[in-house]
Amino acid sequence: MINDESSERQPCFMRKDIYEELKNLASANGISIYKYTNELLEASIELEKNGIKLSMARDQILLLTKMMENYKGLLILAPFSTYKFSDKTEWKKFGKEIIAYLLQFSTDKYSTIISTLFMFLSFIADVNISSNILEARSPLFADEKLQDIIVEMINGIREIVDFNIKVEKQYGIIKVNLE
């Protein structure tokens, strides 16, 4: 049981390993475990209230951190119209390269695939994930060439991982099913 520092005392049970990690992190940050835990919970609640799943945010942060620390390739922010001048085979190659690189840092292939797709698609689409299906909706997906290059990037990912990945294009929608 862990006691709080308020006048209202409510019993709260926590796994011992988690408590020890919290205690170590709070100490490293120079604050009490009570304050540190409340800061973590407050931030988590704020993310969830704003529609950001905590597990997805964690996966995205880990993915981006690994990319920023270690990726020696070239990732740039470019004007959106750039895709119109690019070759689909280059997008397939990019999908293969980026997923092969990121899988070096994770044993959880499913989360790495979902996080990677979410990261790239969230720049241009509303992305929802439920069960094993990622669905990206955007008025930009009315452009068949854009849909095709995204499908090629996913095909590149499919060539590297041992998941059955099915991609379905509809007007304004791309659905990815991971089995």
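What you see is a predicted model; the values in this text were computed from it and never measured.

Caption draft 1: Fine view of the overall build of the protein chain. Within the protein chain, the secondary structure is distributed over six helices and four strands. For the protein chain, the α and β elements follow one another from N to C terminus as α-α-α-α-α-β-β-α-β-β. Buried positions account for 31% of the 179 residues belonging to the protein chain. Contacts spanning at least 24 positions in sequence make up 53% of the contacts within the protein chain whose residues lie at least 6 apart. For the protein chain, the computed accessible surface area is about 11700 Å², with 56% contributed by carbon and sulfur atoms.

Caption draft 2: Highlighting the nonpolar core. Of all hydrophobic cores here, the largest spans 28 residues; its most connected members are Ile-113, Leu-117, Phe-141, Ile-150, Ile-165 and Val-176. Listed by contribution, the elements that provide at least two residues to this core are helix H4 (88–102), helix H5 (109–121), strand S2 (133–137), helix H6 (144–160) and strand S4 (173–178). Top contributing element to this core by residue count: H6, with six residues. In this structure Ile-150 touches Leu-121, Ile-124, Phe-141 and Ile-174, once residues within four positions along its chain are discounted.

Caption draft 3: Broad picture of helix H1 (residues 16–28). If you check H1, its first and last C-alpha atoms are 18 Å apart, about what 13 residues at 1.5 Å a residue would give, namely 18 Å. Immediately beyond the C-terminal end of H1, within one or two residues, lies Gly-30, with a positive phi of roughly 70 degrees.

Caption draft 4: Inspection of the pattern of salt bridges at higher detail. Under the definition given, this model contains ten salt bridges. Among the salt bridges present, the one from Arg-137 reaches Glu-135, with a minimum N-O distance of 2.7 Å. Look at Arg-137 and you get partly exposed, because its relative accessible area is 41%. Among the residues examined, Glu-135 registers a relative accessible area of 16% and is labelled buried.

Caption draft 5: Region of the structure containing the sheet that holds S2. Taken together, four strands build an open sheet; the order of strands is S1-S2-S4-S3 and the sheet is antiparallel. Here the strands that pair on one side only, and so sit at the sheet edges, are strand S1 (126–130) and strand S3 (165–170). Taking each pair of neighbouring strands and ignoring which way they run, the sheet shows an average axis angle of 15 degrees. Two elements, S2 and S4, share five bridges in a ladder whose sense is antiparallel. When the sheet's bridge partners are listed, Ile-133 is paired in S4 with Asn-177. Along the sheet, H5 makes contact with S1, S2, S3 and S4, crossing S2 at roughly 5 degrees. With respect to the sheet, H6 is in contact with S3 and S4, its orientation differing from that of S3 by roughly 175 degrees.

Caption draft 6: Just the packing of aromatic side chains, in detail. As enumerated under the stated definition, the model contains four aromatic pairs in all. Pairing Trp-91 with Phe-94 gives two aromatic rings, centres 6.3 Å apart and planes at 85 degrees, and the pair type is edge-to-face. Note that Trp-91 and Phe-94 are positioned in helix H4 at a spacing of three residues, about one turn of the helix. With relative accessibility at 27%, the residue Trp-91 sits in the partly exposed group. Given a relative accessible area of 14%, Phe-94 falls into the buried group. Ring geometry for Tyr-101 versus Phe-105: centroids 5.1 Å apart, planes at 70 degrees, classification edge-to-face.

Caption draft 7: Inspection of the packing of H5 against H6 at higher detail. The N-to-C vectors of H5 and H6 enclose an angle of 160 degrees; their axes lie 12 Å apart at closest approach. The angle between the axes of H5 and H6 places the two elements in the roughly antiparallel class. Between H5 and H6 lies a crossing of right-handed hand. For the pair H5 and H6, the contacting residues are Ile-113, Leu-117, Phe-120 and Leu-121 in the first and Ile-150, Met-153, Ile-154 and Ile-157 in the second. Considered class by class, the residues forming the contact of H5 with H6 number eight nonpolar, no polar and no charged.

Calculation notes
Residues numbered from 1 in each chain as written. Predicted model: local features only at pLDDT ≥ 70, side-chain atom pairs only at ≥ 80, totals over all residues. Heavy atoms only, no water. Helix = DSSP H or I, 4+ residues; strand = E, 2+ residues; numbered from the N terminus. Buried < 20%, exposed > 50% of the residue type's maximum accessible area, 1.4 Å probe, protein only. Contact = heavy atoms within 4.5 Å. Areas by Shrake-Rupley, 256 points an atom, 1.4 Å probe, with all protein chains shown as cover. Core = buried A, V, L, I, M, F, W, Y, C linked by side-chain atoms within 4.5 Å. Expected span 1.5 Å × (residues − 1). Salt bridge = Lys/Arg side-chain N within 4 Å of Asp/Glu carboxyl O. Pairing = 2+ DSSP bridges. Axes fitted to C-alpha atoms, helices over the stretch in contact; angles between N-to-C directions. Phe/Tyr/Trp six-rings, centres within 6.5 Å; stacked < 30°, edge-to-face > 60°. Parallel < 35°, antiparallel > 145°, perpendicular 65-115°, else oblique. Left-handed = near helix turned anticlockwise from the far one by under 90°. Nonpolar A, V, L, I, M, F, W, Y, C, P; charged D, E, K, R; others polar.

Treat this as a map of the structure, not an account of what it does.
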